[in-house]
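Structural description and commentary
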Amino acid sequence: MMKKTLISMACAAAMAAPAAQAELSANIGVTSDYLWRGVTQNDHEAAVSGGVDYAHPSGFYTGVWTSTLGGSAQEVDAYLGFSGEYNDLGYDVGYIYYYYTNTDDADFSEIYGSLSWKWLSGGINYTVDGQAPEGSQFVQGDIYYFASAAFDLETVTPELNGWGVAFTVGYYDFDVNNDVDYTQLQMDVTKSAGDFGDFTMTIANEDYTDDTSFAVSWSKTF
């Protein structure tokens, strides 16, 4: 499951064109493994998530999203940004703060920017502030790069109506501790179930620990 399904990357509402009128929406989700940038966030255990988003016709958006992390731990993300499109080119810039309960010195924040064109997208997230001690991965200057290609399989055959597939390549470059830099490879297969939400199967690999992870997720937006 992608963070703020900012995921999964990383925010689905942010990459869309501005709404015709101000809109308040909510989302809920469950996953067999909370994966973020190719890495499990909860030791391959199930997680429950939810959030609220506000989108303005100008392109401004803000929201909050939270997920369980195992035990009594919780992640809470707050973000704001501006998105829109010009012809077939979409853009998104913003700021996100990651807060973790029951974990000392792990909170951090990023600024991000991304572009999308038809079925292609790519972007950069830059860590502007981290509370963890020097030498850990959460310090100022960490950069995450990604490129994705997403396809609606209905264009191949009408029998695949509601099915989609996305491929993502990411690279996490840590400013201080370069020994933990890694490349992420990920594939997401999605199926829309209409009013019953969306289902996603994810296969992700990161080459730091050479860990391949599998997850099945469900989400719904109201």
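A short tour of the structure in this document, coming up. What you see as residue numbers is a count from 1 along each chain, following the sequence as written. Totals for whole chains, interfaces and linings use all residues, but because this is a predicted model, local features are given only for residues with pLDDT of at least 70 and pairs of side-chain atoms are given and counted only at 80 or more. By convention in this description, side-chain values take in all heavy atoms of the structure and omit both hydrogens and water.

Quick look at the environment of S32 now. The secondary structure listing takes helices from DSSP runs of H or I that are at least 4 residues long and strands from runs of E that are at least 2 residues long, numbered from the N terminus. For S32, the location among the structural elements is in the loop between β1 (23–31) and β2 (35–36). For the pair S32 and W218, spaced 186 residues apart in sequence, the C-alpha separation works out to 9.4 Å. In what follows, a contact means two residues having at least one pair of non-hydrogen atoms within 4.5 Å. Discounting residues that sit within four places of it in the chain, S32 has contacts with H44, E45, A46, F214, A215 and V216.

A side-chain nitrogen of Lys or Arg and a carboxyl oxygen of Asp or Glu constitute a salt bridge if their distance falls within 4 Å. Using the criterion set out here, one finds one salt bridge in the structure. Of the charged contacts in the structure, one is a salt bridge between E110 and R37, with a shortest N-O distance of 2.9 Å. Within this pair, whereas E110 is found in strand β8 (residues 108–117), its partner R37 is found in the loop between β2 and β3 (39–40), the two being separated by 73 residues in sequence.

On to the pairing of strand β10 (residues 143–152). Strands are labelled as partners when DSSP assigns at least two bridges between them. Sheet topology note: the strand β9 (residues 120–130)/β10 ladder contains seven bridges and is antiparallel. For Y126, the partnering residue across the bridge sits in β10 and is I143.

To continue, consider unusual backbone geometry. One can expect most non-glycine residues to show negative phi and most peptide bonds to be in trans. Positive phi, close to 55°, is recorded for R37, a residue that is not glycine. Per-residue accessibility, obtained with a 1.4 Å probe over protein chains only, is compared with the maximum for each type, and a residue is labelled buried under 20%, exposed over 50%, and partly exposed between these values. The class for R37 is buried, based on a relative accessible area of 3%. Even without glycine at this site, K118 takes up a positive phi of about 55°. Turning to its location among the elements, K118 is positioned in the loop between β8 and β9. The exposed category is assigned to K118, whose relative accessible area is 57%.

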